[in-house]
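Examination of the molecular architecture
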Amino acid sequence: MNRLESNPKVPYVVGSKSPTAVAINSASKAGEWIKSRLGGIHELNTKQSPHDLVTDVDKGAEAMIRKLILTHFPDHDILGEEGVAPGAAASAAALSQAGTSDYLWIVDPVDGTTNFVHGFPFFCVSIALAYKGEVIIGVIYDPMRDELFVAEKGKGAYLHGQRAKVSGDGVLAESVVAVGFNPDRNFALPTNLRGLNALSGEVRSLRAAGSAALHLAYVAAGRLSGYYEVGLNAWDVAAGALIVAESGGRVTDTAGAPYNLGVRHLVASNGHVHQELLDVIQKADATGL
Ligand code: 2AM
Ligand code: CA
């Protein structure tokens, strides 16, 4: 007699699939669906401010990913962007009260929602799995370019099966660095602008493309040598932070402390330019700390 026959209330659990395979499957399936909905949003709402957008596509993609994860791992906890109220306090509370399992999935169904809404093709699905508070799997999928970034702790990071590797740029003057402007206009914006101002004179060029997770994936792939932004949430960063680290890069808070799930003010780099980045941000009073 199998589990279903013995107790109809116990859900059937599909076994024998690795969490990495489930993360990849969920991200690519959700990504394909998101792409199919580009230009076809039914519901556009704002969260805390007119700059903080959410669509029926964000909600639908998160529901799809939750369902897929729970099919394989019904006992695991899931922290998803759309299940948490806006703001730093709600985000910190959600992280600390995420559940009782040692396994926590951290899901951003559409990272770069503003881009998605405006048809700017730079957004992704970001899925991480943490074990006892440490990220062990990170998957980022960009459906517009069909690029899948995958990392497992201690096993490297891969872009479609090829090992991802950070850039070799040794100084900021030869680096392209990304910055960001999340919707928090009170605290984050003035700080990020101070950082941008200071960095602009030091780097080869700045970019601000509107997806924290994809910026991190690009640092991992050597397309950017650094990324800085204050005021991020765990789901923007968790998968990308592991992918950067496993590509040979470095991820810290803006004071240089090692990354953990609670870090909201972030510096990621190829490692070589990290200290220089931290110094510029510190000098500009742009750490947010
Ligand atoms: P999102 O598209 O998933 O909302 C842009 O600088 C980055 O900020 C994006 O990764 C974006 O993620 C993120 N972001 C958007 N709203 C945010 C918020 N309220 N707090 C922190 N980060 C946010
Ligand atoms: Ca996000």
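Per chain, the residues get numbers from 1 upward, laid out in the order the sequence is written. By the order in which they are written, chains take letters starting at A while ligands take numbers starting at 1. With the structure being a predicted model, the display of local features is reserved for residues of pLDDT at least 70 and the display and counting of side-chain atom pairs for 80 or more, all residues being used for whole-chain, interface and lining totals. Side-chain metrics rest on all non-hydrogen atoms present in the structure, leaving aside hydrogens and water.

**Description of helix 4 (residues 88-96)**
To be explicit about the condition: Any residue under 20% of the maximum accessible area for its type is buried, any over 50% is exposed, and the rest in between are partly exposed; the area is computed with a 1.4 Å probe on protein chains only. Helix and strand assignments come from DSSP, with helices taken as H or I runs of at least 4 residues and strands as E runs of at least 2, each series counted from the N terminus. When we speak of the arc, we mean the arc of directions from the helix axis to the C-beta atoms. Residue contacts are counted whenever heavy atoms from the two residues lie within 4.5 Å of one another.
For helix 4, every residue scored as buried is listed here: Ser91, Ala94 and Leu95. With its buried residues spanning 100° around the axis, helix 4 presents them on a single face. Within helix 4, the exposed residues directed more than 90 degrees away from the buried face are Ala89 and Ser96. Buried residues along helix 4 sit against strand 3 (77-80), strand 4 (103-111) and helix 8 (234-246).

**What to know about the coordination of the calcium ion (ligand 2)**
Heads up, the rule is: Think of the donor list as every N, O and S atom within 2.8 Å of the metal, or within 3.2 Å for Na, K and Ca; water never makes the list, so a site can look incomplete.
Taken together, Asp108 (OD), Asp111 (OD) and Asp236 (OD) make up the protein donors of the calcium ion (ligand 2), found 1.9 to 2.2 Å from the metal. Sequence spacing among the residues donating to the calcium ion (ligand 2) works out to D-x2-D-x124-D. Here Asp108 is found in strand 4, whereas its partner Asp236 is found in helix 8, with 128 residues between them in sequence. Taken as a pair, Asp108 and Asp236 share a single burial class, namely buried.

**Some thoughts on the layout of surface pockets**
So the rule is basically this: Using only the protein atoms, space was sampled on a 1 Å grid; points where a 1.4 Å probe fits but cannot get out form cavities, open sets with protein on both sides within 12 Å along at least five of seven lines form pockets, and lining residues are those with an atom within 4 Å of a point. Grid points are joined across faces, edges and corners, and a volume is the space filled by probe spheres set on the points. When residue character is reported, Ala, Val, Leu, Ile, Met, Phe, Trp, Tyr, Cys and Pro are called nonpolar, Asp, Glu, Lys and Arg charged, and the others, Gly included, polar. Domain limits in this description derive from either an automatic procedure or a database domain assignment.
There is about 950 Å³ of room inside the largest pocket. Around the largest pocket, the lining is made up of 44 residues, and of these Asp52, Phe181, Asn182, Pro183 and Asp184 lie nearest the centre. Looking at the lining of the largest pocket residue by residue, the class counts come to 16 nonpolar, 18 polar and ten charged. Here the lining of the largest pocket gathers at least three residues from each of two domains, domain 1 (19-163) and domain 2 (172-283). Quantified by volume, the second largest pocket comes out at close to 250 Å³. As for the second largest pocket, its lining consists of 15 residues, and the residues nearest its centre are Lys153, Ala241, Leu242, Ala245 and Tyr259. When contributions to the lining of the second largest pocket are tallied by element, the ones reaching two or more residues are strand 6 (134-142), helix 8 and strand 13 (250-253).

**Some words on the pairing of strand 7 (residues 147-152)**
Rule in force here: We call two strands paired when DSSP finds no fewer than two bridges between them.
In terms of burial, strand 7 is largely enclosed, as five of its six residues are buried. One ladder, built from six bridges, connects strand 6 with strand 7; its direction is antiparallel. Note on strand 7: the bridge partner recorded for Tyr141 is Leu148. Here strand 6 folds back onto strand 7 in antiparallel fashion, the turn holding four residues, of which Asp146 has a positive phi close to 50°. In sequence, strand 7 turns back onto strand 8 (residues 157-159) through a hairpin of four residues, with Gly154 there showing a positive phi of about 80°.

**Considering the packing of aromatic side chains**
Using the following cut-off: Between the rings of Phe, Tyr and Trp (Trp by its six-membered ring), a pair exists once the centres lie within 6.5 Å; its type follows the angle of the planes, with under 30 degrees stacked, over 60 edge-to-face, and the other angles tilted. By the criterion adopted, a ring carries a charge over it if an Arg CZ or a Lys NZ lies within 6 Å of its centre and within 35 degrees of its normal.
In the structure shown here, the tally under the stated rule is four aromatic pairs. When the centroid spacing of 5.2 Å and the interplanar angle of 90° are considered together, the rings of Phe116 and Phe123 count as edge-to-face. Residues Phe116 and Phe123 agree in their burial class; the two are buried. With a centroid separation of 5.4 Å and 85° between ring planes, the pair formed by Phe122 and Tyr218 is classed as edge-to-face. Residue Phe122 is found in the loop between helix 5 (113-118) and strand 5 (124-131), and its partner Tyr218 is found in helix 7 (residues 212-220); the two are separated by 96 residues along the sequence. Accessibility classification places Phe122 together with Tyr218 in one group, the buried group. In this structure, Arg223 packs its charged tip against the face of Tyr218, placed 4.7 Å from the ring centre.

**A closer look at the environment of Glu147**
With respect to the helices and strands, the residue Glu147 is situated in strand 7. As for Glu147 and His160, which are separated by 13 residues in sequence, their C-alpha atoms are 6.9 Å apart. Sequence-distant contacts of Glu147, defined by excluding residues within four places in its chain, comprise Ile140, Tyr141, Asp142, Leu159, His160, Tyr218 and Arg223.

**Section: the nonpolar core**
For the record, the criterion: Put simply, a nonpolar core is a bunch of buried Ala, Val, Leu, Ile, Met, Phe, Trp, Tyr and Cys residues held in one set by side-chain atoms that sit within 4.5 Å of each other.
Core analysis: the biggest nonpolar cluster contains 45 residues, and Ile140, Tyr259 and Leu266 have the highest contact counts within it. Split by domain, this core shows at least three residues from each of two domains, domain 1 (19-163) and domain 2 (172-283). Membership of the second largest hydrophobic core comes to 24 residues, among which are Ala27, Ala30, Ile69 and Ile78.

**As for the packing of helix 2 (residues 19-36) against helix 3 (residues 56-72)**
Basically, it comes down to this: Here an axis means a line fitted to C-alpha atoms, over the contact stretch when the element is a helix, while the angle between two N-to-C directions is reported on a 0 to 180 degree scale. The cut-offs work like this: below 35 degrees is roughly parallel, past 145 is roughly antiparallel, 65 to 115 is roughly perpendicular, and the gaps in between are oblique. Crossing handedness is read from the near helix: turned anticlockwise from the far helix by less than a right angle, it gives a left-handed crossing, and turned clockwise, a right-handed one.
It is the contact of helix 2 with helix 3, at a shortest axis distance of 10 Å, that shows an interaxial angle of 155°. In this view, helix 2 runs roughly antiparallel relative to helix 3, as classed from their interaxial angle. Viewed along their axes, helix 2 and helix 3 form a crossing whose handedness is right-handed. Within the contact between the two elements, helix 2 uses Val22, Ser26, Lys29, Ala30, Trp33 and Ile34 and helix 3 uses Asp56, Val57, Gly60, Ala61, Met64, Ile65, Leu68, Ile69 and His72.

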